[in-house]
Amino acid sequence: MNSFLIIIFRLYLPIGLAILIGILLSFLLKKLQGRFLKNNHLSLIIHNYLGKFLFWFGVPLGVINFIHKTNLSGGIWLSPIVAWCAVLLGLFLSWLWLQTFFPKPSLASQTSFTLVSTVGNTGYIGFPIILLLPQLGPDYFGWAILYDLLGTFLAAYGLGTILASRSLLTNRNKVINFGSESSTVSIDQTTMFHSIKSSLLQIVRWLQNNLVILVKNPTLIAFIFGLILRSIVFPPWLDLSLGWFAWSIIMLSLILMGMRLQQLDSWSNIKIAFSAVSIKMLLVPLVMAMALTTAGLSGPPRLILVLQSAMPSAFASLILAEAYDLDRDLVVTCLGLSSLMLFFTLPFWLWGFTTW
């Protein structure tokens, strides 16, 4: 009972309060704009600037602070491998569900369903949960960073971009219907050869582009910088200031999440969305937990990997949906539903895998 109360006060209270502040702030800005303020897009402007501040400045400095203190021993480099296993598992399960229960969807709906079932919010939600949990904290933060940076980030803007482009291994004018018995379009060998060649070229370009994106990512730069600084002992005032700033950034990230949730404007396709969220937040982490336990992994590393695989759908899915004209309503519904569902699934993972 005491441990449960500690989790509520150490985790649920700060996370819920910060998200609620973000929701109320976004709501008030929407009410004020147009009435007392000339700018009708103030809430979106503040939301965008806060996101840029966190991406380019806030989160990287926070990463430097936590990496400087975290424990990087053990099999920490297993984290991105597990992340990609979770992504591929989500990809397979979403395809299997589409083939079995969702006949004749549009390609946009297929892709949207796959994205929200595959990529999780391991940064803006995953980082605060790992850091605020009394069982984990900054000592194990390195596992969470590698999971997000070398796993989720590349999956979202690499594999996710390939899926969203809707042209990999498909014709531009043809929609593939999973689970349907529609007649297939006959194509000759020359057309198939050019299609495969084009797809391989796309993969090469994707590798080149995402290598550039990864190298320029400020969080990766901060991670490397934090590793270099680990041998240097910071003076007490700098250590205290960086720690205060890093925890402030964690709260700001949650406030930003609240603002994003308040701006979601669609709750359609709830049944399909529930299926996608169940794959992302129940099936994938359960299978990963069983696999990690069978492989002999236990303790805090296992809990971190399970929690990261159980995070809500990533807002990167919405960015891709808007950029590539996918099923935005389905993505928005999944984002809202998965964020709410986290408060109910989190105790289950903590109860099942806090074994030390």
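The structure displayed is predicted, hence computed values, not measured ones.

A.B. asks: Help me out: how do you make sense of the overall build of the protein in this one?
C.D. replies: Helix and strand counts for the protein come out as 13 helices and zero strands. Its helices and strands in sequence order give the protein the pattern α-α-α-α-α-α-α-α-α-α-α-α-α, from N to C terminus. Classification of the 356 residues of the protein by burial places 51% in the buried group. With the model as given, the accessible surface of the protein reaches about 17,800 Å², and the carbon-plus-sulfur share is 70%.

A.B. asks: What's the story with the packing of aromatic side chains in this structure? I'm lost.
C.D. replies: A ring pair, where both rings are aromatic, is described by two values, the distance of the centres and the angle of the planes. Within this structure, the stated rule accounts for 13 aromatic pairs. Aromatic ring contacts, followed pair by pair, group Phe66, Phe127, Phe141 and Trp247 into a single cluster. Just above the ring of Tyr49 sits the side chain of Lys52; from NZ or CZ to the centre is 5.8 Å.

A.B. asks: Got a minute to help me understand the packing of helix α11 (residues 299-309) against helix α13 (residues 328-353) in this structure?
C.D. replies: Axes are the key here: two packed helices are described by the angle between their axes and the distance separating the axes. Between α11 and α13, the least distance of the axes is 10 Å, while the angle of their chain directions is 160°. Compared by their axis directions, α11 and α13 come out roughly antiparallel. The interaxial crossing formed by α11 with α13 has right-handed handedness. Contacts between α11 and α13 involve Arg302, Leu303, Val306 and Leu307 from the former and Leu346, Trp349, Leu350 and Phe353 from the latter. Class assignment for the residues of the contact of α11 with α13 results in seven nonpolar, no polar and one charged.

A.B. asks: Would you take a moment to explain the side chain of Ser253 for this structure?
C.D. replies: Considering the arrangement of structural elements, one finds Ser253 in helix α9 (residues 236-262). Every residue in contact with Ser253, bar those within four places of it in the chain, is listed here: Leu54, Val59 and Tyr124.

A.B. asks: Just to check I follow, could you spell out the side chain of Gln262 for this structure?
C.D. replies: Within the secondary structure layout, Gln262 lies in helix α9. Separated by 2.7 Å, the side chains of Gln262 and Ser26 make a polar contact. Non-local contacts of Gln262, meaning those with residues more than four positions away in its chain, are made with Ile23, Ser26, Phe27 and Lys30.

A.B. asks: Would you take a moment to explain a nonpolar patch on the surface for this structure?
C.D. replies: Together, Phe53, Phe55, Trp56 and Phe57 make up an exposed nonpolar region whose accessible area comes to about 410 Å². Examined against the element boundaries, Phe57 turns out to sit in helix α2 (residues 42-69). On the basis of relative accessibility, which here comes to 42%, the residue Phe57 falls in the partly exposed class.

A.B. asks: Hey, could you run me through the packing of helix α6 (residues 141-165) against α11 in this one?
C.D. replies: In contact at an axis separation of 10 Å, α6 and α11 are set at 35° when each is read in the N-to-C sense. Considering only the axes of α6 and α11, their crossing is right-handed. Along the contact surface, α6 presents Trp143, Ala144 and Tyr147, while α11 presents Pro301, Ile304, Leu305, Gln308 and Ser309.

A.B. asks: What's the story with helix α3 (residues 78-101) in this structure? I'm lost.
C.D. replies: Count 3.6 residues to each turn of an α-helix, and residues three or four apart come out pointing the same way. With 24 residues, α3 extends 34 Å between its outermost C-alpha atoms, agreeing within 8% with the 34 Å of an ideal straight helix rising 1.5 Å per residue. Taken together, the buried positions of α3 are occupied by Ser79, Pro80, Val82, Ala83, Ala86, Val87, Leu89, Gly90, Leu93, Ser94, Trp97 and Leu98. Contact partners of the buried residues in α3: α4 (107-118), α6, α10 (270-294) and α11.

Each value, and the rule that gives it
Residues numbered from 1 in each chain as written. Predicted model: local features only at pLDDT ≥ 70, side-chain atom pairs only at ≥ 80, totals over all residues. Heavy atoms only, no water. Helix = DSSP H or I, 4+ residues; strand = E, 2+ residues; numbered from the N terminus. Buried < 20%, exposed > 50% of the residue type's maximum accessible area, 1.4 Å probe, protein only. Areas by Shrake-Rupley, 256 points an atom, 1.4 Å probe, with all protein chains shown as cover. Phe/Tyr/Trp six-rings, centres within 6.5 Å; stacked < 30°, edge-to-face > 60°. Lys NZ or Arg CZ within 6 Å of the ring centre and 35° of its normal. Axes fitted to C-alpha atoms, helices over the stretch in contact; angles between N-to-C directions. Parallel < 35°, antiparallel > 145°, perpendicular 65-115°, else oblique. Left-handed = near helix turned anticlockwise from the far one by under 90°. Contact = heavy atoms within 4.5 Å. Nonpolar A, V, L, I, M, F, W, Y, C, P; charged D, E, K, R; others polar. Polar contact = N/O pair within 3.5 Å; in protein donor to acceptor, adjacent residues only side chain to side chain. Patch = residues over 30% accessible without salt bridge, like charges linked within 9 Å, V, L, I, M, F, W, Y side chains within 5 Å. Salt bridge = Lys/Arg side-chain N within 4 Å of Asp/Glu carboxyl O. Expected span 1.5 Å × (residues − 1).

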